[in-house]
Amino acid sequence: MADVHPAAGKQASPDVLTNIPRLVTAYFAGKPDASDPAQRVAFGTSGHRGTSFKNTFNEGHILATTQAICDYRKEKGLTGPLFIGIDTHALAEPALASAIEVFAANGVEVMIDKDGGYTPTPVISHAILTYNKDRTSGLADGVVITPSHNPPEDGGYKYNPPHGGPADTDVTAAVEKCANAYLAGELEDVKRIDYAKARKAANVHAYDFITPYVADLGNVVDLDLVKSAGVKIGIDPLGGAAVHYWHPIIERYGLNATVVNEAIDPTFRFMTVDWDGKIRMDCSSPYAMASLIGMRDRFDVAFANDTDADRHGIVTRTG
């Protein structure tokens, strides 16, 4: 690893915070150049990632990729609902709006959070798998709008097919190729309707992601045992998508747990910076986890989630 930044593990200073209005403006104002390889859709197993500041994550990318996913669904005969969730990165909300405009125009049955909230990646996977259980046709799939633990200026767009996990390389290669063709054609063939009409469309549905996920959690984790053991737990969502899930879990299963930070702020100003001086919600980094490590004597065990809550960093009194 390169030299550790002198600010690593310390509270983020104002000079490293992202200018959120400028970032969101760049998402809509920036036009990616399809002839520049750096500005094309690059849809790996963790989805397409980039930032609007560099024309690598703009409205054009999301419109093109969403249409490519609609084409893929049609080709594969996927007619079930598409569950879509976002994390707390600033570019997630505008990307969701862009995606809904295209999904609605293509007649896809879209399921979005009923409260306009955030949805962890495992919750989208759970929704897909539970819907598809015992089905052989009319299968569901999903999209997660997240760049995982990446810095606040980044955005990410990830497709999960009916098996619930990230799409395999054969799927992502097809989606990427198709999306870049739409970009090269200046989005002329992308189907899209106005956002206000899309939200009122008959195929766009409000969905309760929290209740079924929390109810099913006890079937895979023995939370009665955790309760009876009385283990004292600390939880830091690191400002991510899990923030509104922990209290329902704690209340339903009677856990002796405390959420130590419930802040949601797209600048992530409450974070301690990572090894290189950047804000990064990386729960595997002791620098990003410095705040929770500082509380380790208050709990038997504590843990943090990355921003889309598919990873945990664990802290005990001794390690």
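Not measured: the values here are computed from a predicted model.

A. The sheet that holds strand S8 (residues 257-259), seen in detail. Read across the sheet, 4 strands follow the order S8-S7-S9-S10 without closing on themselves; strand pairing throughout is mixed. The two strands at the open ends of the sheet, each matched to only one other strand, are S8 and strand S10 (312-316). Mean inter-strand twist for the sheet, computed between neighbouring axes without regard to direction, equals 20°. With 5 bridges joining them, strand S9 (residues 301-305) and S10 adopt antiparallel strand pairing. Following the sheet pairing, phenylalanine 303 is matched in S10 by isoleucine 314.

B. Spatial organisation of the layout of surface pockets. Computed from the structure, the largest pocket encloses a volume of approximately 490 Å³. Along the wall of the largest pocket there are 25 residues; nearest its centre are Tyr213, Leu217, Trp246, Ile249 and His312. When residues of the lining of the largest pocket are traced back to their parent elements, those giving at least two are helix H4 (121-132), helix H7 (210-217), helix H8 (223-229), strand S7 (233-236), helix H9 (246-253) and S9. Across the lining of the largest pocket, the residue classes tally to 20 nonpolar, 4 polar and 1 charged. Considered as a void within the structure, the second largest pocket measures approximately 230 Å³ in volume.

C. Molecular detail of the packing of H7 against H9. One way to put it is that H7 packs onto H9 with a least axis distance of 10 Å and a crossing angle of 45°. Classified by the angle between their axes, H7 and H9 sit oblique to one another. H7 and H9 meet at a crossing whose hand is right-handed. Contact residues: Ile210, Val214, Ala215, Asp216 and Leu217 in H7; Pro248, Ile249, Arg252 and Tyr253 in H9. Grouping the amino acids of the contact of H7 with H9 by side-chain chemistry returns 7 nonpolar, no polar and 2 charged.

D. Inspection of the packing of aromatic side chains at higher detail. This structure, assessed with the given rule, holds 10 aromatic pairs. Taking the centre distance of 5.9 Å and the plane angle of 80° together, the rings of tyrosine 72 and tyrosine 159 count as edge-to-face. One end of the pair, tyrosine 72, is in helix H2 (residues 59-76); the other, tyrosine 159, is in strand S5 (residues 154-160), and 87 residues separate them in sequence. Take tyrosine 72: its relative accessible area is 14%, and that puts it in the buried class. Given a relative accessible area of 1%, tyrosine 159 falls into the buried group. What links up through ring pairs into an aromatic cluster is the set Phe83, Tyr131, Tyr207 and Phe209. Directly above the ring of tyrosine 131 sits arginine 135, whose terminal nitrogen or CZ lies 3.9 Å from the centroid.

E. Spotlight on the sheet that holds strand S4 (residues 141-145). Spatial strand order, S1-S5-S4-S2-S3-S6: 6 strands in an open sheet with mixed pairing. Of all strands in the sheet, those bounded by a partner on one side alone are strand S1 (48-51) and strand S6 (204-207). Each strand of the sheet is rotated relative to its neighbour by a mean of 20°, with strand direction disregarded. Here strand S3 (residues 110-113) runs beside S6; their pairing, made up of 4 bridges, is parallel. Paired with methionine 111 across the bridge in S6 is histidine 205.

F. Structural detail: the nonpolar core. Ile69, Ile84, Phe103, Val143, Ile145, Tyr157 and Tyr159 are the most contacted members of the largest nonpolar core, which has 47 residues in total. When contributions to this core are tallied by element, the ones reaching two or more residues are helix H1 (20-29), H2, strand S2 (82-86), helix H3 (92-105), S3, S4, S5 and helix H5 (169-184). With 8 residues, H3 is the single largest residue contributor to this core. Grouped together as the second largest cluster of nonpolar side chains are 26 residues, Ala140, Ala242, Leu255 and Ala309 included.

G. Quick peek at H4. With 12 residues, H4 should cover 16 Å at 1.5 Å per step; its first-to-last C-alpha distance of 17 Å lies within 8% of that length. Residues Thr121, Val123, Ile124, Ser125, His126, Ala127, Ile128 and Asn132 constitute the buried set of H4. Summarising the contacts, the buried residues of H4 are in contact with S2, S4, S5 and H7. Immediately downstream of H4, the backbone of aspartate 134 shows phi near 70°, a positive value.

Procedures and definitions
Residues numbered from 1 in each chain as written. Predicted model: local features only at pLDDT ≥ 70, side-chain atom pairs only at ≥ 80, totals over all residues. Heavy atoms only, no water. Pairing = 2+ DSSP bridges. Helix = DSSP H or I, 4+ residues; strand = E, 2+ residues; numbered from the N terminus. Axes fitted to C-alpha atoms, helices over the stretch in contact; angles between N-to-C directions. 1 Å grid on protein atoms, 1.4 Å probe; cavity = no way out; pocket = protein on both sides within 12 Å on 5 of 7 lines; lining within 4 Å. Points joined across faces, edges and corners; volume = space filled by probe spheres on them. Nonpolar A, V, L, I, M, F, W, Y, C, P; charged D, E, K, R; others polar. Parallel < 35°, antiparallel > 145°, perpendicular 65-115°, else oblique. Left-handed = near helix turned anticlockwise from the far one by under 90°. Contact = heavy atoms within 4.5 Å. Phe/Tyr/Trp six-rings, centres within 6.5 Å; stacked < 30°, edge-to-face > 60°. Buried < 20%, exposed > 50% of the residue type's maximum accessible area, 1.4 Å probe, protein only. Lys NZ or Arg CZ within 6 Å of the ring centre and 35° of its normal. Core = buried A, V, L, I, M, F, W, Y, C linked by side-chain atoms within 4.5 Å. Expected span 1.5 Å × (residues − 1).

No statement about biological role is implied by the geometric values presented.
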